[in-house]
Amino acid sequence: MSVFVGVMSGTSLDGIDVAVVRFAGEAERPDSVDLLGFLSEPYDAAFRERIRSLIDEGHVADVCALDHEFGGRIGSAVEEALADSGVPASEVTAIGSHGQTVWHVPPRDGASGSTLQIGSPAVIAEVAGIDVVSDFRSRDVAAGGHGAPLTAYTDRVMFTADHPRLIQNIGGMANVTALPPTGSRDTPVAFDTGPGVALIDAAVRRLTDLPFDEDGRLAAAGTVVDAALEDWLDDPFFVEPPPRSTGRELFSTARLEHWLERFDGMSVEDTVATLTELTARTIADAYGYLPEGGDCFLCGGGARNLALVSRLHRLVEGRAVRDLSELGMDPEAREAIAFALLARQNLLGFRANAPWATGASGRRALGSVTKA
């Protein structure tokens, strides 16, 4: 038995998720995965805006300062999660920290990509007193891959079964992993489908006093504006075959602001309904790249948006749309658990990227270790 802590902060910019996880066995696929504790610590509005400003227009000094500060926030969140779960730091083998992505450039036209996450592992180790495994994306990117979605590998390890499955994450961006049955010679497929809740949340914050569209109520009260929807759907990203990845660099606040200006006659409800339809449509359309068969299991913050989930039920033909909790995992904790697993794989020597998803030239060990 070994205990790892996984930390995730996604493109939704909601906050820091911390999972305290116990793994049994030392095979590549653990004998069991037990969630001992889970903490979701939201960002305050001012800190969220600092990250968003850094992504949109930040300077090197801002990157440097937030990298250090964010590492301290992660370390403190880990301490809090361990206290809540009753697990002493001395029993934790390592922390797996994804950090906060502030820039991500996919490979394109023969040129390699690049990626940058903040959240200093040295500061995390100093605050928490635990070894840290971090910087998971860059090794895959160095091998010509997208470095995303990193959870393609962990989905395969944790959720492969005797029948096909889809794991659909709807965070700030959305990504899917299609898993063939155990023993199949078919290769899994995984890629980013497009925006998840990032554009929806940004529009809600821009147009109302709300932080997000709780339960999809605004979307449910609105009507999709077809011309405004098609303006987004015309983006070439949506017809790119896998491997593909995206982020706020493409679906940015500045681009959203320009779109809102172009279609300024829409009501708040119609605006949110249109952006919600964008997420649902692009997820469903992306399934054209997937093999037939397999229920779709939802996770991430978007899985709580009832209007979005309702549209997916209607748009995803031939597949049942279900919640990841039906597989015995908290849908909110899935990504944090994934980074606990990636830290474990690093220390056990398993190569934990997924070239079939990222397009990397081969299997690589992911992450760098910072000793406490």
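A brief structural summary. (Residues numbered from 1 in each chain as written. Predicted model: local features only at pLDDT ≥ 70, side-chain atom pairs only at ≥ 80, totals over all residues. Heavy atoms only, no water.)

## Quick word on the overall build of the chain
Part 1 of the reasoning: Counting its regular elements, the chain contains 13 helices and twelve strands.
Part 2 of the reasoning: Taken over the C-alpha trace, the chain has a radius of gyration of 20 Å; the compact-globule value for 372 residues is 21 Å, and the two agree within 12%.
Part 3 of the reasoning: Over its C-alpha atoms, taken along the principal directions, the chain stretches across nearly 60 × 50 × 45 Å.
Part 4 of the reasoning: In the chain, which comprises 372 residues, the share counted as buried stands at 55%.
Part 5 of the reasoning: Pairs at least 24 apart in sequence give 70% of the contacts found in the chain among residues at least 6 apart.
Part 6 of the reasoning: Carbon and sulfur atoms provide 49% of the accessible area of the chain, an area that totals close to 15100 Å².
Part 7 of the reasoning: Averaging the locations of the 31 positively and 54 negatively charged side chains of the chain gives two centres separated by 5 Å. (Helix = DSSP H or I, 4+ residues; strand = E, 2+ residues; numbered from the N terminus. Rg over C-alpha atoms; globule rule 2.2 N^0.38 Å. Buried < 20%, exposed > 50% of the residue type's maximum accessible area, 1.4 Å probe, protein only. Contact = heavy atoms within 4.5 Å. Areas by Shrake-Rupley, 256 points an atom, 1.4 Å probe, with all protein chains shown as cover. Lys, Arg positive; Asp, Glu negative; His and termini not counted. Charge placed at Lys NZ, Arg CZ, Asp CG, Glu CD.)

## Observations concerning the pairing of strand 1 (residues 2–9)
Part 1 of the reasoning: Counting buried positions along strand 1 yields eight of eight residues, so the element is predominantly enclosed.
Part 2 of the reasoning: Of the two faces of strand 1, the one lined by Ser2, Phe4, Gly6 and Met8 and the one lined by Val3, Val5, Val7 and Ser9 are each fully buried.
Part 3 of the reasoning: With seven bridges joining them, strand 1 and strand 2 (residues 15–24) adopt antiparallel strand pairing. The partner of valine 7 across the bridge, within strand 2, is valine 18.
Part 4 of the reasoning: Here strand 1 folds back onto strand 2, and the loop between the two strands holds five residues, one of which, leucine 13, carries a positive phi near 60 degrees.
Part 5 of the reasoning: Across six bridges, strand 1 lies against strand 4 (residues 92–105) in parallel orientation. Across the sheet, the residue bridging to phenylalanine 4 is alanine 94, located in strand 4. (Pairing = 2+ DSSP bridges.)

## Focus: the sheet that holds strand 8 (residues 173–179)
Part 1 of the reasoning: Spatially, 9-8-7-10-11 is the arrangement adopted by the five strands of the open sheet, whose pairing is mixed. If you trace the sheet from one side to the other, it starts and ends with strand 9 (189–195) and strand 11 (321–323), each paired once. Strand-to-strand twist of the sheet, defined as the mean angle between neighbouring strand axes without regard to direction, takes the value 25 degrees.
Part 2 of the reasoning: Pairing between strand 8 and strand 9: six bridges, direction antiparallel. Across the sheet, residue alanine 178 finds its bridge partner in strand 9, namely valine 189. (Axes fitted to C-alpha atoms, helices over the stretch in contact; angles between N-to-C directions.)

## A short note on the environment of glutamate 28
Part 1 of the reasoning: Position of glutamate 28 among the secondary structure elements: in the loop between strand 2 and strand 3 (32–42).
Part 2 of the reasoning: You can call glutamate 28 partly exposed: its relative accessible area is 31%.
Part 3 of the reasoning: Separated by 279 residues in sequence, glutamate 28 and alanine 307 place their C-alpha atoms 38 Å apart.
Part 4 of the reasoning: Once you skip the residues sitting within four places of it in the chain, glutamate 28 turns out to touch Tyr153, Val157, Arg344, Gln345, Phe350, Arg351 and Arg363.
Part 5 of the reasoning: One polar contact links glutamate 28 to tyrosine 153, side chain to side chain, over a distance of 2.7 Å. (Polar contact = N/O pair within 3.5 Å; in protein donor to acceptor, adjacent residues only side chain to side chain.)

## Quick word on the packing of aromatic side chains
Remark: the centre distance and the inter-plane angle together describe each pair of aromatic rings, the angle taken between the planes.
Part 1 of the reasoning: Tallied over the full model, the rule gives twelve aromatic pairs.
Part 2 of the reasoning: Arranged with centres 5.6 Å apart and planes meeting at 50 degrees, the rings of tryptophan 232 and tryptophan 259 form a pair that is tilted. Of the two residues, tryptophan 232 sits in helix 8 (residues 226–233) while tryptophan 259 sits in helix 9 (residues 253–262), which places them 27 residues apart along the sequence. Here tryptophan 232 matches tryptophan 259 in class, with each residue buried. (Phe/Tyr/Trp six-rings, centres within 6.5 Å; stacked < 30°, edge-to-face > 60°.)

## Some words on unusual backbone geometry
Part 1 of the reasoning: Backbone torsion omega between alanine 148 and proline 149 reads -10 degrees, so that peptide bond is classified as cis.
Part 2 of the reasoning: Residue proline 242 is joined to proline 243 through a cis peptide bond whose omega torsion reads 0 degrees.
Part 3 of the reasoning: Following the sequence through the fold, proline 243 ends up in the loop between helix 8 and helix 9.
Part 4 of the reasoning: Positive phi values are uncommon outside glycine, yet aspartate 109 reaches one of about 55 degrees.
Part 5 of the reasoning: Along the chain, the position of aspartate 109 falls in the loop between strand 4 and strand 5 (114–118).
Part 6 of the reasoning: Of note, the phi angle at aspartate 135 is positive, near 55 degrees, even though the residue is not glycine.
Part 7 of the reasoning: With respect to the helices and strands, aspartate 135 occurs in the loop between strand 6 (132–134) and helix 4 (137–142).
Part 8 of the reasoning: We classify aspartate 135 as partly exposed; its relative accessible area is 34%.

## Let's talk about the pairing of strand 4
Part 1 of the reasoning: In terms of burial, strand 4 is largely enclosed, as eleven of its 14 residues are buried.
Part 2 of the reasoning: Direction of pairing for strand 4 relative to strand 6: parallel, over a ladder of two bridges. Pairing of isoleucine 95 across the sheet is with valine 132, part of strand 6.
Part 3 of the reasoning: Relative to strand 5, strand 4 runs antiparallel, the two sharing five bridges. Among the inter-strand pairings, threonine 101 is bridged to a residue of strand 5, identified as glutamine 117.

## A look at helix 10 (residues 268–286)
Part 1 of the reasoning: The end-to-end C-alpha distance of helix 10, which contains 19 residues, comes to 27 Å, matching closely the 27 Å that a straight helix rising 1.5 Å per residue would cover.
Part 2 of the reasoning: Counting buried residues in helix 10 gives 14 out of 19 residues, a clear majority hidden from the surface. (Expected span 1.5 Å × (residues − 1).)

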